[in-house]
Amino acid sequence: MDRLSPVALASLLLAAGAAAAADLDVRAERERISRERAAAESRYAADEAACRTRFVVTACVDEAKARRREALGVLKSQELVLDEQERRRRAAARLEAIEAKQREAAARPPLPAQPAPVIREAASAPAARPQPAPSEAERAARAHDEALRAQRRTEAAEQRRQQAADDRARIAEREAQRRAKAKKPVTPLPSRPEIPRD
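These figures come from a predicted structure and were not determined experimentally. (Residues numbered from 1 in each chain as written. Predicted model: local features only at pLDDT ≥ 70, side-chain atom pairs only at ≥ 80, totals over all residues. Heavy atoms only, no water.)

Asks: So what exactly am I meant to see when it comes to the overall build of the chain here?
Replies: Looking only at helices and strands, one finds three helices and zero strands in the chain. Along the chain, from the amino end to the carboxyl end, the secondary structure elements read α-α-α. The buried share of the chain, taken over its 198 residues, is 9%. Sequence separation of at least 24 residues holds for 66% of the intrachain contacts in the chain that already meet a minimum separation of 6. For the chain, the exposed surface amounts to about 17,600 Å²; the carbon and sulfur share of it is 58%. (Helix = DSSP H or I, 4+ residues; strand = E, 2+ residues; numbered from the N terminus. Buried < 20%, exposed > 50% of the residue type's maximum accessible area, 1.4 Å probe, protein only. Contact = heavy atoms within 4.5 Å. Areas by Shrake-Rupley, 256 points an atom, 1.4 Å probe, with all protein chains shown as cover.)

And the structure:
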């Protein structure tokens, strides 16, 4: 494990002490908020019970709910402020720890350079020869092969598109035939007999 310098250790201990004091303050504040929340809930329960004895219950209960909502809203905003402060404190402590490690790493003497590891080839493997640069003819042949492959890919894509269009036409024709078969022949209504007029 890396040892910290006395300066880095002292700064970490100071940060830890400040964090502990801040933790006590935050804990006390959270306990206060919790007590006030419980008091607001008990006040609401008592107000609601008192409202049940009145003739107009709904309006009274609505007012009690509004008072409770307002009290809990204030407590929730205080709690959010505490959460934000705690997040900032933790982020600052983490940043301080990172900076202390970086300072400690910068203060340490650099490690001696180690030689690159020697890679030994297996006896059965053929010796690797450097590949000569490709000639102009080889480059032209590769370019020609690549052009042929690109042309084949284009032709294959066109063939797939044509096949898909044929499939869609065949499906549309089949659906039209099914619809035609599904329709019942229409039989005309019988005509009204003519009534002779005198």
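Resuming the write-up.
Asks: Looking at this structure, I do not really get the packing of aromatic side chains. What am I missing?
Replies: The geometry of an aromatic ring pair is captured by the separation of the ring centres together with the interplanar angle, meaning the angle of the planes. Going through the model one piece at a time under the given rule, you end up with zero aromatic pairs. Sitting above the plane of the Tyr44 ring, Arg68 keeps its charged end 4.1 Å from the centroid. (Phe/Tyr/Trp six-rings, centres within 6.5 Å; stacked < 30°, edge-to-face > 60°. Lys NZ or Arg CZ within 6 Å of the ring centre and 35° of its normal.)

Asks: Even after reading the chapter, I still don't get the pattern of salt bridges, so can you show me in this structure?
Replies: It is possible for side chains bearing opposite charge to pair when their charged atoms get close. One pass over the full model with this rule turns up 18 salt bridges. Between Glu48 and Arg52 there is a salt bridge; the shortest N-O distance is 2.9 Å. Here Glu48 pairs with Arg52, and both are found in helix 1 (residues 6-52), just four residues apart, close to one helical turn. Residue Arg103 is joined to Glu96 by a salt bridge in which the shortest nitrogen-to-oxygen separation is 3.1 Å. Residue class for Glu96 comes out partly exposed when judged on its relative accessible area of 23%. In the salt-bridge network here, residues are joined through shared partners; they are Arg30, Asp83, Glu86 and Arg90. (Salt bridge = Lys/Arg side-chain N within 4 Å of Asp/Glu carboxyl O.)

Asks: Would you mind going over the nonpolar core with me for this structure?
Replies: In summary, soluble globular proteins display a tendency toward joint burial of nonpolar side chains. With five residues, the main nonpolar core is built from Tyr44, Cys51, Cys60, Val61 and Ala64. Ranked by residue count, the leading element in this core is helix 2 (residues 57-107), at three residues. With residues near it in sequence (within four places) discarded, Ala64 still touches Tyr44 and Asp47. (Core = buried A, V, L, I, M, F, W, Y, C linked by side-chain atoms within 4.5 Å.)

Asks: I keep staring at the state of the cysteines and nothing clicks. Help me out?
Replies: In protein chemistry, a disulfide is the covalent bond that joins the sulfur atoms of two cysteines. Enumeration according to the criterion identifies one disulfide in this entry. Put simply, Cys51 and Cys60 are joined by a disulfide, and their sulfur atoms are 1.8 Å apart. One quick way to see it: the torsion about the S-S bond of Cys51 and Cys60 is about -65°, and its sign makes the bridge left-handed. (Disulfide = S-S within 2.5 Å.)

Asks: Explain helix 2 here, please?
Replies: Given 3.6 residues to a turn, an α-helix orients residues that are three or four positions apart in the same direction. When the terminal C-alpha atoms of helix 2 are compared, their 74 Å separation across 51 residues agrees well with the 75 Å that a helix rising 1.5 Å per residue should span. For helix 2, the set of buried residues is Cys60, Val61, Ala64, Leu75, Glu79, Leu82, Glu86, Ala100 and Glu104. (Expected span 1.5 Å × (residues − 1).)

Asks: Whenever I open this one, the environment of Glu48 confuses me. Can you help?
Replies: Given a relative accessible area of 23%, Glu48 falls into the partly exposed group. For the pair Glu48 and Ala64, spaced 16 residues apart in the sequence, the C-alpha separation amounts to 6.6 Å.

Asks: Got a minute to help me understand the side chain of Glu86 in this structure?
Replies: Here Glu86 is to be found in helix 2. Setting aside anything within four residues of it in sequence, one finds Glu86 in contact with Val26 and Arg30.

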